[in-house]
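# Residue-level structural notes
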Amino acid sequence: MSETGPAAEANDSVDPVGRADELRGLIAHHSRLYYEADQPEIADGDFDLLVAELAAIEAEHPDLVTPDSPTQRPGGGVAAQFRPIVHQVPMMSLDNAFDDGELRAWGERLARRVEAAATATFVCEPKIDGLAIAIRYEGGRYVQAATRGDGRVGEDVTANVATLAGVPAELPAGAPEVLEVRGEIYMPVSAFDALNARQEEAGERRFVNPRNSAAGSLRQKDPAVTARRELALWSYQLGAVEGGPAFSSHAETLDFLRSMGLPVNPEIRSVATLEDVYAYCRHWLEHRHDLDYEIDGVVVKVDDLALRTALGSTSKAPRWAIAYKFPPEERTTPLREIMVSIGRTGRATPFAVLDPVFVGGSTVGLATLHNADQVRAKDVRPGDLVVVRKAGDVIPEVVGPVLAVRPADLAEWTFPTRCPVCGEPLVRAEGESDTFCVNVDCPAQRAGRIIHFGSRGAMDIEGLGEQRVHQFCELGLLGDIADLYTLDWDAVSALEGFGAVSVANLRDAIEASKDRPLARLLVGLNVRHLGPAGAEALAGAFGTLDRIMASSVDTLAAVDGVGPIIATSVGEFFALDANRVVVERLREAGVNLESPMVEASTVLPQTLAGRSVVVTGALAGFTREEAEAAIKARGGKSPGSVSKRTTAVVDGDDPGASKLGKAEQLGVPVLDEAGFVTLLDTGALPPPAD
């Protein structure tokens, strides 16, 4: 295994003694880079794999466990530029669980160790991806802050932490003589995005992720730099306390921290059973990106403080707490090649060909590099070890290279000058970031336009995937979108893999697409800049495709939600004879060119005219699309975010926490489904609760 690559799978052919020694060296090396230098060479997920592999070897060979093994002590250290501070109460690490089975096994271990733990209640907290901190108050005044370090000795960052807006300089009357607060310092995602925007404007390299940015920002020699980075704090634990009140539960300590004016995460929940713990973990695995800060798991703690004492700790971690880790969203892997794909609009997009790596819940072998400027800004090169990120359903992307291990002779990658598909020149217009193949007959563009036309957001032709479109195009069965409605079904039936059922299903799906609403057809036509919202606005305003094609750019631009850029693009599209020929062929095939929305909007009362309603979560009586259509059919708008102009937020099952939090912050009414139906019918909001 290379020093910076993913952990090797343990197997019988590996010498356990040699491998354990190698892993301890690797973990120590990467710990120094992560905790002391803020310059990690591998992603957190890769580091976790190294530790997990060592733990597995030590579990199978207990005689190999050493007192200084990374599995027996907290990670981290103290950098030379900081004054060391000895923690009065050690700051321990947490053991990890990577799935429900490991979480359940932890609960069973608790019950075996202490009988009362079988009925324990728990406190669940989002696991903030930041930097652990201990903040000390004496006589109610802020006096000291230290990083965790190695758990026993941390780094003095008192002056830097004092610049954080969320850290009070003085506590309210009645504060204990000594109060040490444990928490996590982090960089909000919005602050991280703003920081990178400033970096780009200054021509500087972008930061990789909020966690590393937070650590680097906090551990600055100049506190003024820290102050400019907009760091924040969540407090979650008491350390040393002298002269304070007595507590019986962890939940009480959190309430006490709130009363002292310290920020406590509002998403923390007390739960009664492990089943509730599982539900909490699953919820935040799905909604982790609803928050304005990054989380990489959930911390689960026994609530009863006396029971915690009975359970005790190992040399490294408390037995009464565990970190449920989410699948890593960042991993490191070699970049083998940079290639360029040509999309339906002719846009040339560079992408990375990677050694396959499991990240974000799936195996990734390709990742986007966006455009030429991004490749240059990130300075990634074939042969680099790179950080790959995949968050939820977001397309995987290469974050950047690990410069510390780049070979000295690695050549910089240059963008090609000709289309890799048709060989025609690639052109980048002045002032634009994208490069285009200008040959409209490029085979890649033709296939891309047909794939887009049949996609779910356009004409929704089930069974017409990329592979089939490329196959049909290569065989000459498809040349443009109108050819779908005159396909030679005898030729299709003769192809390998096309039985009678699959042919009938595809034929029925294409036939059914003829009845799609006009707005879906407009999206499918692949007009540049025209998305679903603009298509719906045009369909609703004009009612037929013929009226849209006959309208001037000024008339199109006057439609609410369209504007001059979209209007110009629509006008230019329908001014081309080739596009009008395709429209006529669609008409002859029986494709719907009219909008039923016009007729519907004249029947329904415009109870929401000029108003904005946001829907979050699942509703029993509406799909998301139906709810949004119901709002728009009554004259309203259904945006994806909450603002001061939002009339109401409709709260369904499993809603997005950020939208509800924003509504509460701005005082926007939150409705259940019954209230939503009333709002649709009458336009009236329910009276505010007492």
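As the structure is a computational prediction, the values presented were derived from the model and not from experiment.

### Regarding helix α21 (residues 577-589)
For α21, built from 13 residues, the straight-helix expectation of 18 Å at 1.5 Å per residue is met to within 8% by its first-to-last C-alpha distance of 18 Å. When we look at burial in α21, the residues that qualify are Asn579, Val582, Val583, Leu586 and Ala589. In an axial view of α21, the angular spread of the buried residues amounts to 120°, which keeps them on one side of the axis. Along α21, exposed side chains directed more than 90 degrees from the buried face belong to Asp577 and Glu588. Of the surrounding secondary structure, the elements contacted by the buried residues of α21 are α12 (443-453), α16 (518-524), α18 (545-550) and α20 (563-575). Positive backbone phi, approximately 95°, marks Gly590, located one or two places after α21.

### As for the environment of Ser455
Its location among the elements puts Ser455 in the loop between α12 and α13 (466-474). Judged by relative accessible area, Ser455 falls into the partly exposed class, the value being 26%. Sequence separation between Ser455 and Glu466 is 11 residues, and the spatial gap between their C-alpha atoms is 9.6 Å. Here the side chain of Ser455 touches His452 through a polar contact of 2.7 Å, landing on its backbone oxygen.

### Quick word on the pairing of strand β14 (residues 362-368)
Pairing analysis gives six bridges linking strand β13 (residues 347-359) to β14, with the strands arranged antiparallel. The partner of Phe351 across the bridge, within β14, is Thr368. Hairpin connection, β13 to β14: the antiparallel pair is bridged by two residues, and Gly360 has positive phi, about 60°.

### Quick look at the side chain of Ser595
Locating Ser595 in the fold gives a position in the loop between α21 and α22 (596-603). Once residues within four sequence positions are removed from consideration, Ser595 is found in contact with Leu518, Ala539 and Gly543.

### Some thoughts on the nonpolar core
Ranked by internal contacts, the top residues of the largest apolar core, which has 56 residues, are Leu521, Leu522, Phe574 and Leu586. Apart from residues no more than four positions distant in its own chain, Leu522 is found in contact with Val527, Leu530, Ala535, Leu538, Ala539, Leu545, Ile548 and Phe574.

### Some points on the environment of Gly365
Relative to the assigned elements, Gly365 resides in strand β14. Along the primary structure Gly365 and Pro517 are separated by 152 residues, whereas in three dimensions their C-alpha atoms are 37 Å apart. Discounting residues that sit within four places of it in the chain, Gly365 has contacts with Ala352, Val353, Leu354 and Pro356.

### Focus: the packing of aromatic side chains
Two measures describe an aromatic ring pair: the distance that separates the ring centres and the angle between the ring planes. Counted according to the given criterion, the structure contains 11 aromatic pairs. With 6.0 Å between their ring centres and 70° between their planes, Tyr137 and Tyr142 make a pair best called edge-to-face. Taken individually, Tyr137 and Tyr142 each receive the classification buried, so the pair is uniform in this respect. Sitting over the face of the ring of Trp320, Arg308 holds its NZ or CZ atom 4.0 Å from the ring centroid.

### Here's the deal with helix α5 (residues 189-201)
Given a rise of 1.5 Å per residue, 13 residues ought to cover 18 Å, and the 18 Å separating the end C-alpha atoms of α5 matches this to within 8%. Looking at α5, one finds that the buried residues are Ala191, Phe192, Leu195, Asn196 and Gln199. Projected down its long axis, α5 shows its buried positions confined to an angular sector of 135°, all on one face. Lining the buried residues of α5 we find α6 (210-218). The first or second residue beyond α5 is Gly203, which carries a positive phi of 75°.

### Focus: the packing of α12 against α13
Packed helices, taken two at a time, are described by their axes: the angle between them and the distance between them. Direction vectors running N to C along α12 and α13 enclose 135°, while the axes themselves pass 9 Å from each other. The angle between α12 and α13 places the two elements in the oblique class. You can see that α12 and α13 cross each other, and the crossing is right-handed. Note on element contacts: α13 touches α12 through Glu466, Val469, His470 and Cys473, opposite Ala447, Ile450 and Ile451.

### Let's talk about the sheet that holds strand β2 (residues 96-97)
Taking strand neighbours across the sheet as the criterion, the five strands line up as β2-β11-β10-β3-β9 in an open arrangement whose pairing is mixed. Across the chains shown, the open sheet's two edge strands, defined by having one partner strand only, are β2 and β9 (269-271). Bridge count for β2 against strand β11 (residues 321-325) is two bridges, and the pairing is parallel. Pairing of Asn96 across the sheet is with Ala323, part of β11. Sheet contacts for helix α3 (residues 100-113): β2, β3 (122-128), β10 (295-302) and β11; angle to β11, the most-contacted strand, approximately 175°. Running over the sheet, helix α9 (residues 274-287) touches β3, β9, β10 and β11 and is turned about 20° from β3.

### Looking at the pairing of strand β15 (residues 385-389)
Here β15 lies mainly inside the structure; five of its five residues are buried. Burial of β15 is two-sided: the residues Leu385, Val387 and Arg389 facing one way and the residues Val386 and Val388 facing the other way are all buried. Both strand β12 (residues 330-342) and β15 contribute to a ladder of five bridges, which runs antiparallel. From the neighbouring strand, Thr332 faces β15, where its bridge partner is Val387.

### Digging into the confidence of the model for the protein
Mean pLDDT over the protein stands at 86; residues scoring 70 or higher make up 93%. Confidence drops under a pLDDT of 50 for residues 1-11, and excluding neighbours within four residues, the segment shows 27 contacts in the predicted structure. Note that pLDDT drops below 50 for residues 597-602; the model gives that stretch five contacts with residues more than four away or on any other chain.

Scoring rules and cut-offs
- Residues numbered from 1 in each chain as written.
- Predicted model: local features only at pLDDT ≥ 70, side-chain atom pairs only at ≥ 80, totals over all residues.
- Heavy atoms only, no water.
- Helix = DSSP H or I, 4+ residues; strand = E, 2+ residues; numbered from the N terminus.
- Expected span 1.5 Å × (residues − 1).
- Buried < 20%, exposed > 50% of the residue type's maximum accessible area, 1.4 Å probe, protein only.
- Arc of directions from axis to C-beta.
- Contact = heavy atoms within 4.5 Å.
- Polar contact = N/O pair within 3.5 Å; in protein donor to acceptor, adjacent residues only side chain to side chain.
- Pairing = 2+ DSSP bridges.
- Core = buried A, V, L, I, M, F, W, Y, C linked by side-chain atoms within 4.5 Å.
- Phe/Tyr/Trp six-rings, centres within 6.5 Å; stacked < 30°, edge-to-face > 60°.
- Lys NZ or Arg CZ within 6 Å of the ring centre and 35° of its normal.
- Axes fitted to C-alpha atoms, helices over the stretch in contact; angles between N-to-C directions.
- Parallel < 35°, antiparallel > 145°, perpendicular 65-115°, else oblique.
- Left-handed = near helix turned anticlockwise from the far one by under 90°.
- pLDDT = per-residue confidence, 0-100.

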